[in-house]
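Remarks on the overall topology
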Amino acid sequence: MTTATSSSSSPPPLHTFKVLRRTLFNRIFALVYATAILSLFVHHFVQLFHSSNTSTFLLRFTLLISDVILSFMWATTQAFRWRPIHRAVYTENLPQVISSSDYPKLDVFICTADPYKEPPMGVVNTALSVMAYDYPPDKISVYVSDDGGSELTLFAFMEAAKFATHRLPFCKKNNIEDRSPAVYFSSGHCGPTTHTEELKVK
């Protein structure tokens, strides 16, 4: 009886994960591949010790170094395949676990440099998406660093600041899931009943 009471009073989960079924095949493949790599290294070392001249030694040593680099790159990717999981997040349970006043302060840093390679509209959409996220406004700070010092980016954010005074309350009032303005206005979710045209004009 006590166990049932304690389990029922436990807070709801914030996330769950499930190990994918291909884990075993990934591990078998990794072990076979690692064995092949070790055999290749043994072959390289044997060939190095039996080099007849300096040019042959340098050539085989270069091949060994290249295989070491490629093997290192392969090994660093195996952590993602050794135990692949599928995670589900339940943000709706967060208010039941912790009060919004106890949320940690969150700093978001957005960096841009070239307005031609990184169009200001895309950077602005990123900033507005973060600001529209369902998080206490006094707990989140968004910083934008423009290493290029572009006047175009500055002007875009000056206009975005004006637009944010309408966009952020609009998202909160209508519970908008597409936080990015570009995604929202290009999707079919917005309709005439959501004052979309009025928001575009503003």
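It should be emphasised that the depicted structure is a prediction, and the values quoted were computed from it without experimental measurement.

Topic: helix α2 (residues 23-49)
For α2, with 27 residues, the first-to-last C-alpha span of 39 Å sits near the 39 Å given by 1.5 Å per residue. For α2, every residue scored as buried is listed here: T23, N26, A30, I37, F41, H44 and L48. Residues of α2 that are buried make contact with β1 (15-19), α3 (54-76) and α4 (78-82).

Description of the environment of T91
Positionally, T91 belongs in the loop between β2 (85-89) and α5 (94-97). Distance from T91 to L14, taken between C-alpha atoms, is 6.4 Å for residues 77 residues apart in sequence.

Digging into the packing of helix α6 (residues 120-131) against helix α7 (residues 151-174)
At a closest axis distance of 10 Å, the pairing of α6 and α7 adopts a crossing angle of 35°. When the axes of α6 and α7 are compared, the crossing they make is right-handed. Each of P120, V123, V124, A127, L128 and M131 in α6 lies in contact with α7, whose residues at this interface are L152, T153, A156, F157, A160, F163, A164 and L168. Classifying every residue of the contact of α6 with α7 by side-chain character gives 13 nonpolar, one polar and no charged.

Brief notes about the pattern of salt bridges
Taken as a whole and assessed by the stated rule, the structure comprises one salt bridge. Residue K162 is joined to E159 by a salt bridge in which the shortest nitrogen-to-oxygen separation is 3.6 Å. Highlighted residues: K162 and E159, both in helix α7, separated by three residues, approximately one helical turn. Looking at E159, the relative accessible area reads 35%, which means it is partly exposed.

Regarding α3
The terminal C-alpha atoms of α3, which comprises 23 residues, lie 33 Å apart, in line with the 33 Å expected from a rise of 1.5 Å per residue. Residues L64, D67, S71 and W74 constitute the buried set of α3. Taken together, the buried residues of α3 touch α2 and α4.

A look at the nonpolar core
If you look at the biggest cluster of nonpolar residues, it comprises 15 residues, and the most contacted ones within it are V108, I110, V124, L128, I140 and F157. Put simply, the parts of the chain that give this core at least two residues each are β3 (106-112), α6 and α7. Beyond its immediate sequence surroundings of up to four residues, V124 is in contact with A156, F157 and A160. One finds A30, L48, L64 and W74 within the second-largest nonpolar core, a separate group that totals six residues.

Looking at the UniProt feature "transmembrane region" (unreviewed entry) in the protein
Summarizing the sequence annotation, UniProt attributes the feature "transmembrane region" (unreviewed entry) to residues 24-45 and 57-77 in the numbering used throughout. Secondary structure across residues 24-45 divides into 100% helix and 0% strand, with the first and last C-alpha atoms of the span separated by 32 Å. Secondary structure across residues 57-77 divides into 95% helix and 0% strand, with the first and last C-alpha atoms of the span separated by 31 Å.

Here we look at the packing of aromatic side chains
In total, this model carries six aromatic pairs according to the counting rule given. Here F29 and Y33 contribute two aromatic rings whose centre-to-centre distance is 5.5 Å and whose plane-to-plane angle is 40°, an arrangement assigned as tilted. One end of the pair is F29 and the other is Y33, both in helix α2 and four residues apart, which spans about a single turn. Ring centres 5.3 Å apart and planes at 35° place the aromatic pair Y103 and Y135 in the tilted group. Of this pair, Y103 sits in the loop between α5 and β3 while Y135 sits in the loop between α6 and β4 (140-146), and the two are 32 residues apart along the sequence. Here the aromatic residues F29, Y33 and W74 are joined through ring pairs into a cluster of three or more. For the cation-ring pair, R167 lies above F185, with the distance from its terminal atom to the ring centre recorded as 6.0 Å.

What counts, and at which threshold
- Each chain has its residues counted from 1, running along the sequence as written.
- Local features in a predicted model are, by the rule used here, given only for residues with pLDDT of at least 70; side-chain atom pairs are given and counted only at 80 or more, and totals for whole chains, interfaces and linings are based on all residues.
- Side-chain metrics in this entry use all non-hydrogen atoms of the structure; hydrogen atoms and water are not considered.
- Helix and strand assignments follow DSSP, with helices taken as H or I runs no shorter than four residues and strands as E runs no shorter than two, numbered in order from the N terminus.
- In a helix, the anticipated span is given by 1.5 Å times the number of residues less one.
- Only protein chains enter the accessibility calculation, which uses a 1.4 Å probe; a residue is then buried when its area is under 20% of its type maximum, exposed when over 50%, and partly exposed in between.
- A contact between two residues is defined here by any heavy atoms of the two lying within 4.5 Å.
- Each axis is a line fitted through C-alpha atoms, taken for helices only over the stretch in contact, and angles between the N-to-C directions span 0 to 180 degrees.
- Crossing handedness is defined as follows: a turn of the near helix away from the far one that is anticlockwise and smaller than a right angle gives a left-handed crossing, while the clockwise case is right-handed.
- Residue polarity is assigned by list, with Asp, Glu, Lys and Arg as charged and Ala, Val, Leu, Ile, Met, Phe, Trp, Tyr, Cys and Pro as nonpolar; anything else, Gly included, falls into the polar class.
- By convention in these notes, a salt bridge is any Lys or Arg side-chain nitrogen within 4 Å of a carboxyl oxygen on Asp or Glu.
- Nonpolar core, defined: a set of buried Ala, Val, Leu, Ile, Met, Phe, Trp, Tyr and Cys residues in which side-chain atoms within 4.5 Å join the residues together.
- UniProt positions are given in the numbering used here, feature names are shortened, and annotations may be inferred rather than shown by experiment.
- Only Phe, Tyr and Trp rings are paired, with Trp represented by its six-membered ring, and only when their centres lie within 6.5 Å; those with planes under 30 degrees apart are stacked, over 60 edge-to-face, the remainder tilted.
- Criterion for a charge above a ring: Lys NZ or Arg CZ within 6 Å of the ring centre, and within 35 degrees of the ring normal.

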